Amino acid sequence: MSTLSEVYTQYPLKVDDIIPLDFDSVVTVPDSHAWPISDGFESNDWLSIPTIDLKDPDAAKLIGHASETWGVFQVVNHDIPLNLLDEVESEARQLFSLPTTQKLKALRSPGGVTGYGLARISSFFNKFMWHEGFTIIGSPLDHARELWPNDYQKFCRVRRRNEVAWFTWSCQHALQLNSYPLCPDPNRAIGLAPHTDTSLFTILHQRISGLQIFKEGVGWGLVQPVTGALVVNVGDLLHILSNARFPSVVHRVVMKEAKQRFSVAFFYSRLLISI
Ligand SMILES: O=C(O)CCC(=O)C(=O)O
Ligand SMILES: [Fe+2]
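Quick look at the structure, then. The structure displayed is predicted, hence computed values, not measured ones.

1. Examining the packing of aromatic side chains
Next, step 1: Applying the stated criterion to the full structure yields 8 aromatic pairs.
Next, step 2: Aromatic pair Trp-35 and Phe-125: ring centres 5.8 Å apart, planes at 50 degrees, arrangement tilted. One end of the pair, Trp-35, is in the loop between α1 (4–10) and β1 (51–53); the other, Phe-125, is in the loop between β3 (115–117) and β4 (132–136), and 90 residues separate them in sequence.
Next, step 3: Classification of Trp-35 by relative accessible area gives buried; the value is 9%.
Next, step 4: Judged by centre distance (6.5 Å) and plane angle (45 degrees), the rings of Phe-96 and Tyr-116 are tilted. Taken together, the residues Phe-96 in helix α3 (residues 82–97) and Tyr-116 in strand β3 connect sequence positions 20 residues apart. Like Phe-96, the residue Tyr-116 is buried in the burial classification.
Next, step 5: Put simply, the rings of Phe-96, Tyr-116 and Phe-262 pair up and form one aromatic cluster.
Next, step 6: One residue, Lys-215, lies across the ring of Trp-70, its end atom 4.5 Å from the ring centre.
Next, step 7: Sitting above the plane of the Trp-220 ring, Arg-252 keeps its charged end 4.1 Å from the centroid.

The following block contains the structure:
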């Protein structure tokens, strides 16, 4: 079986599908980033996805049920310190606030997986998204050195503490930092176009609303941010391994608040333990 890195090397992207817009330099949404108005980005409906307390004795049963019926749920009481989530977001904020020329020093290579750039799904759409991302697999040391030549250790330390806190068993994973800059016309732009994650499952931290889930028979609805909660969604691998018992949830990001939005996603992939 090929690894993700091998597949990406075999199918390199065009550089245009990697370099984000210089968001600070635009006052209107350029045509390249303007999506059809009919896509309903302005809807403010909330979806009441389940919130599960991990200290609840029935948590495992509730997770199974939520995964089958929704493919997505939120968890609270997860024991990941809230100050660590704050610290990771603060590092993301500092990274994305760097001047564009600096960020481009850590640009993902055309056949690469890690570094700064547009979402990998960009090449599947004829419009660009209002998004910039930074992907970490393993150590981000080389990219961090490019971004902060004199102060790269702090970023690596926070990333390492984060990894230790989030990963209680051994598996392949990627950490994705997402930034959705302030947009002059939020109803014409999309943060991330509809997609499913290729992971087994994804764990996401969002503080500001914008994540929407597509629910069959209901349509698009926002996932309400709950302080300290993490959003967990089923990805394609689990969908396949469970013989479609757990649906890989279709989701997107719309521009909802007049603030730059950040999110942190962990993509859990192949488990290295035998089950
Ligand atoms: O920013 C979000 O809320 C979602 C991010 C996401 O879907 C992704 O990184 O795959
Ligand atoms: Fe996603």
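2. Quick word on the sheet that holds strand β6 (residues 190–195)
Next, step 1: Strand order across the open sheet formed by 4 strands is β6-β11-β8-β9, with antiparallel pairing between neighbours. Looking along the sheet, the strands with just one partner apiece sit at the ends: β6 and β9 (219–222). Looking at each pair of strands side by side, their axes are set apart by 25 degrees on average, direction ignored.
Next, step 2: Note that strand β8 (residues 211–215) and strand β11 (residues 251–254) share 3 bridges and pair antiparallel. Residue pairing in the sheet places Ile-213 in a bridge with His-251 of β11.

3. Observations concerning the pattern of salt bridges
Next, step 1: A full pass over the atoms with the stated rule returns 10 salt bridges.
Next, step 2: For Lys-55, the salt bridge goes to Asp-79, with nearest N and O atoms at 3.0 Å. One end of the pair, Lys-55, is in the loop between β1 and α2 (59–69); the other, Asp-79, is in the loop between β2 (72–76) and α3, with 24 residues separating them in the sequence.
Next, step 3: For Lys-55, a relative accessible area of 48% gives the class partly exposed.
Next, step 4: In this structure Asp-79 comes out as exposed when scored by relative accessible area, which is 64%.
Next, step 5: Between Glu-132 and Lys-103 there is a salt bridge; the shortest N-O distance is 3.0 Å. A residue pair is termed long-range when its members are at least 10 positions apart, and Glu-132 in strand β4 and Lys-103 in helix α4 (residues 100–103) qualify at 29 residues.
Next, step 6: Accessibility expressed as a relative area gives 6% for Lys-103, which makes it buried.

Reading the values: rules and limits
Along every chain, residues carry numbers that run from 1 in the direction the sequence is written. Working convention: letters from A go to chains and numbers from 1 go to ligands, in the order in which they are written. The predicted origin of the model limits local features to residues at a pLDDT of at least 70 and limits the giving and counting of side-chain atom pairs to 80 or more, whereas totals for whole chains, interfaces and linings rest on all residues. To get the side-chain values, all heavy atoms of the structure are used, and hydrogens and water are removed first. Pairing of aromatic rings covers Phe, Tyr and Trp, the last counted by its six-membered ring, and requires centre-to-centre distances within 6.5 Å; plane angles under 30 degrees mean stacked, over 60 mean edge-to-face, and any other angle means tilted. Helix and strand definitions here come from DSSP, where helices need a minimum of 4 consecutive H or I residues and strands a minimum of 2 consecutive E residues; each element is numbered from the N-terminal end. The classification of residues rests on relative accessible area computed with a 1.4 Å probe and restricted to protein chains. Under 20% of the type maximum is buried, over 50% is exposed, and intermediate values are partly exposed. Put simply, a charge is over a ring when the Lys NZ or the Arg CZ is close to the ring centre, within 6 Å, and near the line of the ring normal, within 35 degrees. Strand pairing is assigned whenever DSSP detects at least two bridges linking the two strands. Interaxial angles span 0 to 180 degrees and are taken between N-to-C directions of axes, which are lines fitted to C-alpha atoms, for helices over the stretch in contact. The working definition used for a salt bridge is a side-chain nitrogen of Lys or Arg within 4 Å of a carboxyl oxygen of Asp or Glu.

Purely spatial values, then, with no claim about function.
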